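Structural overview
Letter by letter, the chains look like this.
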Amino acid sequence: MKLIVARQTVSRNLKFRRFSIYLAAIAFFCCLTNTVRAEPGVFEDRIVFGQSAAFEGPAASLGTDIRNGILAAFDEVNRTGGVNGRKLELISYNDGYEPELAIDNTRRLIEQDQVFALIGEVGTPTSRAVQPIAREYRAPFIGAFTGAAFLRDPGLTNVINIRASYDQETEELVDFLVKDRGIKRIAILYQDDTFGSAGLSGVVAALNRRGLELVADGTYMRNTVAVKRAALAIRKAQPDAVIIIGAYKPAAEFIRIARSIGVDALFLTVSFVGSNALASDLGKEGSGVIVSQVVPLFHDTSVSVVASFHDAMAKLSETSGRDLLIDGLGFVSLEGYITGRLVVEVLRDLGDDLTRETFIGLFEELKGYEIDGFSLQYGPGDNQGSNNVFLTVINDDGKFETIKRQAADQ
């Protein structure tokens, strides 16, 4: 009887020891995992960012260019070992400029890929759809390619805007028309969604401040080029200028149709259009079209940030095997580069104290960054870094030139 009890005791002790070893192994693994990955997307050797944007469809050039610019900035710092020993990576998914796909992509990036932050979202309707998801997870939402006012809400502390707003762009366009050109008969073509509505409200507000109203308006559906009906409606009002709030393909189609049916007007649009793609699509018909920009001329290498951008794109060409100096340089990719550079500077500031909260918290302080002379200023209640708006015009050769304002008080 005693022998049986002894054997049972030995058996229980062995099981207990094995169980203890098992628990210790789990504890060690968890500790190791926490050491390597203290925050979503943050590893000992890399930091992973996520992007949902249009890489197919009528707005594909926008997503591609923003991504190239961000990658150029990441590649630039990765060549020197990364930021504080960590290299920067980007996972990108196509949403075709459709909110439903953007939602699916964003949940995948945050919940499955466990990215540290979202960067380079393209568009107002997609940003409106996915920003609440980013806010829910307190994931930084960085450098969305949109000037929509709702993203400038001081309460959206996880949102970090780079560019000037659509209100600022449309104010500059209307001011130019009225003061410099003496034009008061102004019409608008806008995309029938939140992006178009944002541009429309900016134009209407700018006109109202000058005691003016739109003489005509027309709309088209997102991701289509069905603009002929709008062109016919606008022609009836005989405007002297038409402001277009849309992407490059419908904008180009509208300009071609409007001119062919006798609309003798000046055509203007905001930066979201995708300036290089618009000029390429229009060809010789692009001459005289005016586009507001939120970054300097992408080919003016006398500007420090532009020179750095060209150098980074040249090096990315070597890495990627694509010649980005031929078709990759543009206003949109320059904006993406500045966005990527800002991320690098913030990560350097944070050092090893890197979490989503510390990243977001840095922008709630009074903080300024100089990206090779391009100034970005943030602070309490201010999540927009730049207020710069530049007016450009497409020349006969398809290249862009800065417009020098004539008004004395500009």
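From a predicted model like this one, the values you see are computed outputs, not experimental measurements. (Residues numbered from 1 in each chain as written. Predicted model: local features only at pLDDT ≥ 70, side-chain atom pairs only at ≥ 80, totals over all residues. Heavy atoms only, no water.)

**Brief notes about helix α10 (residues 304–320)**
Condition: For the purposes of this entry, the term helix denotes a DSSP run of H or I that reaches at least four residues, the term strand denotes a run of E that reaches at least two, and both are numbered from the N terminus. An expected span of 1.5 Å times one less than the residue number is assigned to each helix. Burial here depends on accessible area, computed with a 1.4 Å probe over protein chains only, as a share of the maximum for the residue type. Under 20% is buried, over 50% is exposed, and the range in between is partly exposed.
The terminal C-alpha atoms of α10, which comprises 17 residues, lie 24 Å apart, in line with the 24 Å expected from a rise of 1.5 Å per residue. Along α10, the positions that sit buried rather than exposed are V305, V306, S308, F309, H310, A312, M313, L316 and S317. Within two residues after α10, G321 carries a phi angle of roughly 80°, on the positive side.

**Brief notes about the nonpolar core**
Cut-off, in case you're wondering: Residues belong to a common nonpolar core when they are buried Ala, Val, Leu, Ile, Met, Phe, Trp, Tyr or Cys residues joined through side-chain atoms within 4.5 Å. Contacts are assigned to residue pairs with any non-hydrogen atoms lying within 4.5 Å of each other.
Core analysis: the biggest nonpolar cluster contains 119 residues, and F49 and F254 have the highest contact counts within it. Top contributing element to this core by residue count: helix α12 (residues 331–350), with 11 residues. Leave out the neighbours within four places in its chain, and F254 touches L189, V227, A230, A231, I234, V242, I244 and F267. In this structure, L109, V115, L118 and F150 belong to the second largest nonpolar core, which totals 20 residues.

**Focus on unusual backbone geometry**
With the exception of glycine, most residues fall at negative phi, and the peptide bonds are largely trans. Its identity as a non-glycine residue notwithstanding, Q114 has a phi of 55°, on the positive side. Relative to the assigned elements, Q114 resides in the loop between α3 (99–112) and β3 (117–119). For Q114, a relative accessible area of 29% gives the class partly exposed. At Q238, a residue that is not glycine, the phi angle is positive and equals roughly 50°. By the secondary structure assignment, Q238 is in the loop between α7 (228–236) and β8 (241–245).

**Structural notes on the sheet that holds β3**
Note the threshold: One bridge is not enough; two strands pair if DSSP finds at least two bridges between them. Inter-axis angles, ranging from 0 to 180 degrees, are taken between N-to-C directions of lines fitted to C-alpha atoms, where helices are fitted over the stretch in contact.
Strand order in this open sheet of five strands is β2-β1-β3-β4-β5, and the pairing throughout is parallel. The sheet is open, and its two borders are formed by β2 (87–94) and β5 (159–160), each paired with just one other strand. Where strand β4 (residues 141–142) and β5 come together, two bridges link them in parallel fashion. The partner of I142 across the bridge, within β5, is I160. On the sheet, α12 packs against β1 (46–53), β2, β3, β4 and β5 and is oriented at approximately 150° with respect to β1.

**Considerations on the packing of helix α2 (residues 60–78) against α10**
For any two helices packed against each other, one specifies the inter-axial angle together with the distance between the axes. What counts, and what does not: Oblique is the label for every angle not falling under 35 degrees (roughly parallel), over 145 degrees (roughly antiparallel), or within 65 to 115 degrees (roughly perpendicular).
The geometry of α2 relative to α10 is characterised by a closest axis approach of 8 Å and an angle of 85° between their N-to-C directions. On the basis of the axis angle, α2 is roughly perpendicular to α10. Along the contact surface, α2 presents N68, L71, A72, D75 and E76, while α10 presents S308, A312, M313, K315, L316 and T319.

**Examining the confidence of the model for the protein**
Convention followed: A residue's pLDDT is simply how confident the predictor is in it, with values from 0 to 100.
Per-residue pLDDT for the protein averages 91, and the proportion of residues at 70 or more is 90%. Ignoring residues within four places in sequence, the model shows residues 1–12, a span with pLDDT below 50, making zero contacts including any to other chains. Note that pLDDT drops below 50 for residues 21–37; the model gives that stretch eight contacts with residues more than four away or on any other chain.

**A look at the environment of A60**
For A60, the location among the structural elements is in helix α2. According to the relative accessible area criterion, A60 is buried, its value standing at 15%. Contacts of A60, omitting those with residues within four sequence positions, involve A54, F55 and Y248.

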